[in-house]
Amino acid sequence: MLNPPLPAIGAEAPAELTRSHTVLLESRTLALGLVGFLLLDQVLLLALLGLSPFVVSGAAAGSAALCAALWRLRGWGEGAAVQPRTIGLLFAGALVLFILGGEGSFVYANTDWQVRYAVLNDLVSHPWPWVYETAGGLTMLRCPVGIYLVPALVGKLAGPWAAQIALLVQDAALLTGLGALAAPIFSGMRRPWITLLLVLGSSGLDVIGQRLYGGSVLVHLEQWDEMQYTAVVTLAYWVPQHALAGWIGAAFYLSWRAGKLPLAALLCLVPALALMSPLGGLGIVPFVIAASLSELVARRIGIAEIALPAVSVALALPSLLYLASGLGGVSTGTSHYAVEVYVLFYLVEVVPFLCVVWLSRRSWNLDRVTVLLSVAMLLVLPFGRVGEKIDFMMRVSIPSLVFIAIVMAGVLRSSPAAQDKDGKAARRIAICLFLIGLAVPIGETARAILLPRAPEVRCGYYGVVPTGYPTYIAPYDRMIGAIRPEHPAIVPIREPSKCWDIAWPDAARPGFPEYVPL
């Protein structure tokens, strides 16, 4: 188990809080706020699919009832809570992080945002539900739309730019909520914001790998090999939907380990994460299984741990059917690489961190089950494949990488005793790894500031990807019948000749050439 919970970031002892009459946000409020948002996405998906108002209203009532039942559960921690001042600081930091990642188009945005804003444009401009009329037949948007639905509603009321700002504010609010929920991780530490910065700055030795392959150190560094484990800042800049899903799962799991929330809340979270990112949510599943087995052995599994997650699965079932529709075009199986690719990747990106984990084994700031399961995940994930060749390992690894980053932060902040030779060696190695790894977040942030501001995306999805792609689009007749719209609007493909007016350099290629839509 984790160390006994102590006052968290921005927290005070309960007696002091009583005397000061400070207004607080407790773990229960934060956790159910996140669960409530994810359940709202499930309801909005039903509207997107054109299901009857009766079904949509029933799902909304069921979601509210589930949150109410979770609120009344025993097992919510009675420890310290987070002050509004801390929430404000976290929100400001999250806002800056996502602005630098390109949200809102205030600065440069990585080219992944071309597709992301195009999808948002379609959700704003087209009537719900709709199908695309293409030369190959009718198709439907079928992708993890959880991050887009609320901003799209804002956009329908106030226009595309408002939708982009709503997306920025939404993502910053989600990151703030999960950061505040995870505050017990840093409890009892002096200057806990340093630990937050250490986790945020965590990365791998990609700059070394880039040089070994003869690549430029000025570009997106993490594409030097055929395999990739992605840094925290890179995830926020390039794939916030996957990052948030994995990070929310990690925050809930660690809060359960710290005794801050009941197992039922953790179990209810998992099916609701899929609509934001199936792979990001999948990364927390092995840890949830371990948590469930732990509670089962301790005979703490009751009716609530069975009935409430069953309700959550029922509410999320339409989204699971939606994501599963037309998957025949999505590649799955196992990945195969040349031996030298495996060896070099592990030597550069995994083995040095495993050395730190091993040498610091007597003083981990997380429990052994969490650490060892994270290590096992990092060792086996490259063998799986769903979607693009390395999507599976990049996204499913997100929670495990967070846990390893927390262990590394603990080692960096430690002061080993004179006789603890292993602890001193672990800290020296961790310092070197951290300093070298800073090349990734510094490079990503520098490009965000120095490259031209991202232009407005005027196209919809087919304007940016004219041929479509099976991870985003599915034939209408291959959608599962239970969630396939009966009378969707038919939208012909009519896109502007140019999706953006000014140059959009590609940060992933040397020389930053202008990106040309496919």
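Because the structure is a prediction, the values reported are computed rather than measured.

Caption draft 1: Structural context of the overall build of the protein chain. Each helix and strand in the protein chain was counted, giving 23 helices and six strands. Along the first, second and third principal axes, the C-alpha atoms of the protein chain reach 70 × 60 × 45 Å. Looking at the protein chain residue by residue over its 518 residues, the buried ones come to 56%. A total accessible area of about 21700 Å² is found for the protein chain, and carbon and sulfur atoms account for 66% of it. Where the 34 positive side-chain charges of the protein chain centre and where its 31 negative ones centre are 9 Å apart.

Caption draft 2: How the structure looks around the confidence of the model for the protein chain. Residues of the protein chain with pLDDT of at least 70 account for 91%, and the chain-wide mean is 87. Low pLDDT (under 50) marks residues 1–21, which in the prediction has 38 contacts with non-local residues, meaning those over four places away or in another chain.

Caption draft 3: Representation of the packing of helix α12 (residues 263–273) against helix α15 (residues 304–324). Put simply, α12 and α15 touch, their axes get as near as 8 Å, and they point 10 degrees apart. In this view, α12 runs roughly parallel relative to α15, as classed from their interaxial angle. As α12 runs across α15, the sense of the crossing is right-handed. Contacts between α12 and α15 involve Leu 263, Ala 264, Leu 267, Cys 268, Pro 271 and Ala 272 from the former and Ala 304, Glu 305, Leu 308, Pro 309, Ser 312, Val 313, Ala 316 and Leu 320 from the latter.

Caption draft 4: Focus on the nonpolar core. Counting 112 residues, the largest nonpolar core has Leu 70, Trp 247, Phe 252, Tyr 253, Leu 266 and Phe 403 as its most contacted members. With 12 residues, helix α20 (residues 398–412) is the largest single contributor of residues to this core. The residues contacting Leu 70, other than those within four sequence positions of it, are Leu 32, Val 35, Trp 76, Ala 264, Ala 265, Cys 268 and Leu 308. Counting 51 residues, the second largest nonpolar core, distinct from the first, contains Leu 49, Leu 451, Val 457 and Val 465.

Caption draft 5: Representation of the environment of Leu 401 in the model. Checked against the element boundaries, Leu 401 lands in helix α20. In this structure, the C-alpha to C-alpha distance between Leu 401 and Val 199, residues 202 residues apart in sequence, is 9.9 Å. Not counting chain neighbours up to four residues away, the residues in contact with Leu 401 comprise Tyr 229, Thr 230 and Leu 378.

Caption draft 6: Layout of the pairing of strand β1 (residues 130–134). Relative to strand β6 (residues 489–492), β1 runs parallel, the two sharing four bridges. Bridge pairing in β6 links Glu 133 to Pro 492. Sheet topology places β1 next to strand β2 (residues 137–141); three bridges connect them, and they run antiparallel. Each bridged residue has a counterpart across the sheet, and for Tyr 132 the counterpart in β2 is Thr 139. Connecting β1 to the antiparallel partner β2 that follows it, the hairpin turn spans two residues.

Caption draft 7: Inspection of the sheet that holds β6 at higher detail. The mixed open sheet is built from four strands, whose spatial order is β5-β2-β1-β6. On the outer flanks of this sheet lie β5 (473–475) and β6, each paired with one strand and no other. Recorded for the sheet is a direction-independent mean angle of 40 degrees between the axes of neighbouring strands.

Caption draft 8: Region of the structure containing the pattern of salt bridges. For the coordinates displayed, the defined rule picks out seven salt bridges. Here Arg 300 ties to Glu 295 by a salt bridge, and the two come within 2.7 Å at their closest N and O atoms. Here Glu 444 ties to Arg 447 by a salt bridge, and the two come within 3.2 Å at their closest N and O atoms. One end of the pair is Glu 444 and the other is Arg 447, both in helix α22 (residues 439–450) and three residues apart, which spans about a single turn. Residues Glu 444 and Arg 447 agree in their burial class; the two are buried.

What counts as what
- Residues numbered from 1 in each chain as written.
- Predicted model: local features only at pLDDT ≥ 70, side-chain atom pairs only at ≥ 80, totals over all residues.
- Heavy atoms only, no water.
- Helix = DSSP H or I, 4+ residues; strand = E, 2+ residues; numbered from the N terminus.
- Buried < 20%, exposed > 50% of the residue type's maximum accessible area, 1.4 Å probe, protein only.
- Areas by Shrake-Rupley, 256 points an atom, 1.4 Å probe, with all protein chains shown as cover.
- Lys, Arg positive; Asp, Glu negative; His and termini not counted.
- Charge placed at Lys NZ, Arg CZ, Asp CG, Glu CD.
- pLDDT = per-residue confidence, 0-100.
- Contact = heavy atoms within 4.5 Å.
- Axes fitted to C-alpha atoms, helices over the stretch in contact; angles between N-to-C directions.
- Parallel < 35°, antiparallel > 145°, perpendicular 65-115°, else oblique.
- Left-handed = near helix turned anticlockwise from the far one by under 90°.
- Core = buried A, V, L, I, M, F, W, Y, C linked by side-chain atoms within 4.5 Å.
- Pairing = 2+ DSSP bridges.
- Salt bridge = Lys/Arg side-chain N within 4 Å of Asp/Glu carboxyl O.

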